[in-house]
Amino acid sequence: VFMLCDGLACNPSALLKSLAEHLPAEVVVTGGIAADDLNFTRPLIVANALPDKACAAAVGFYGKTLNIGFSAMNGWNCFGPERQITRINGNTLYELDGGKAFELYERYLGELASSLPASALRYPLAQITPNAWSCLKTRSTLSFDATVGSIQLCGSLAEGDFVRMMRA
């Protein structure tokens, strides 16, 4: 199954989990998240109708002779110290090491913080194995709420997970 979704309107991790629960175990799901360049306002998806927002589209491929391969890699490198997620709800990250997640980004971005959320795309978070360099998941940032100090991530992580910032 190839799927595209509006990452601003849903939690892609929750959508994938729900999709996987209703598909046979041997079905592989791949795809991506629709974007609108760096505007973070209205990504559109076309699926048998006019372009729309806040939706997802999926296409299933099947057949006895069908063979599809895929791979994924990124050009990101971890930097900075390991941090533990101490408060998160779905894909809204509130605290890292007991401090506000937004304040961490402000500190690292410096003068680039004035162009959030676009500038934060250069610094996603990597879920890591503690005391190791292996990256388990990469989570881009979608939006920030400075009043509560939260960051909306493109996908979920869990309280207790360890993360590091990344850069290209």
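I will try to describe carefully the structure that is included in this document. Note that this is a predicted model, so its numbers are computed, not measured.

Note on aromatic pairs: each is described by the distance of the centres and the angle between the planes. In this structure the tally under the stated criterion is 4 aromatic pairs. Ring centres 5.6 Å apart and planes at 70° place the aromatic pair F79 and Y108 in the edge-to-face group. One end of the pair, F79, is in strand β4 (residues 77–89); the other, Y108, is in helix α2 (residues 101–109), with 29 residues separating them in the sequence. Owing to a relative accessible area of 11%, F79 belongs among the buried residues under this scheme. Taking the relative accessible area as the measure of exposure, Y108 reaches 33% and is therefore partly exposed. On the numbers, 5.5 Å between centres and 65° between planes, the contact of Y105 with F144 is edge-to-face. In this pair, Y105 sits in helix α2 while F144 sits in strand β9 (residues 141–145), placing the two residues 39 residues apart along the sequence. Above the ring of Y94, the side-chain terminus of R87 is found at 4.1 Å from the ring centroid. Positioned above the aromatic ring of F79 is the side chain of R167, whose terminal nitrogen or guanidinium carbon lies 4.4 Å from the ring centre.

This part is about the pattern of salt bridges. Evaluated as defined, the whole model comprises 1 salt bridge. With its nearest N and O atoms 3.9 Å apart, the salt bridge here joins D97 to R83. Highlighted residues: D97 in the loop between β5 (92–96) and β6 (99–100) and R83 in strand β4, separated in sequence by 14 residues. Classification of D97 as partly exposed rests on a relative accessible area of 46%. Given a relative accessible area of 16%, R83 falls into the buried group.

In this section: the state of the cysteines. Under the criterion given, the structure shown has 0 disulfides. Take C55: it sits in no disulfide, and the sulfur closest to it among the cysteines is that of C5, at 9.4 Å. Looking at C55, the relative accessible area reads 24%, which means it is partly exposed.

What follows deals with the nonpolar core. Grouped burial of nonpolar side chains is what soluble globular proteins tend to show. The biggest cluster of nonpolar side chains holds 21 residues, and the ones touching the most others in it are L93 and Y105. Mapped onto this core, the elements with two or more residues apiece are β4, β5, α2, β10 (150–153) and β11 (162–167). Examining the composition of this core, we find that 5 residues originate from one element, α2, more than from any other.

What follows concerns the layout of surface pockets. A water-sized probe, rolled over the atoms, reveals where empty space remains. What the second largest pocket holds in volume is close to 400 Å³. Along the walls of the second largest pocket sit 13 residues, with V1, V28, F61, L66 and I68 positioned nearest its centre. Classifying every residue of the lining of the second largest pocket gives 9 nonpolar, 4 polar and no charged.

Criteria and cut-off values
- Residues numbered from 1 in each chain as written.
- Predicted model: local features only at pLDDT ≥ 70, side-chain atom pairs only at ≥ 80, totals over all residues.
- Heavy atoms only, no water.
- Phe/Tyr/Trp six-rings, centres within 6.5 Å; stacked < 30°, edge-to-face > 60°.
- Helix = DSSP H or I, 4+ residues; strand = E, 2+ residues; numbered from the N terminus.
- Buried < 20%, exposed > 50% of the residue type's maximum accessible area, 1.4 Å probe, protein only.
- Lys NZ or Arg CZ within 6 Å of the ring centre and 35° of its normal.
- Salt bridge = Lys/Arg side-chain N within 4 Å of Asp/Glu carboxyl O.
- Disulfide = S-S within 2.5 Å.
- Core = buried A, V, L, I, M, F, W, Y, C linked by side-chain atoms within 4.5 Å.
- 1 Å grid on protein atoms, 1.4 Å probe; cavity = no way out; pocket = protein on both sides within 12 Å on 5 of 7 lines; lining within 4 Å.
- Points joined across faces, edges and corners; volume = space filled by probe spheres on them.
- Nonpolar A, V, L, I, M, F, W, Y, C, P; charged D, E, K, R; others polar.

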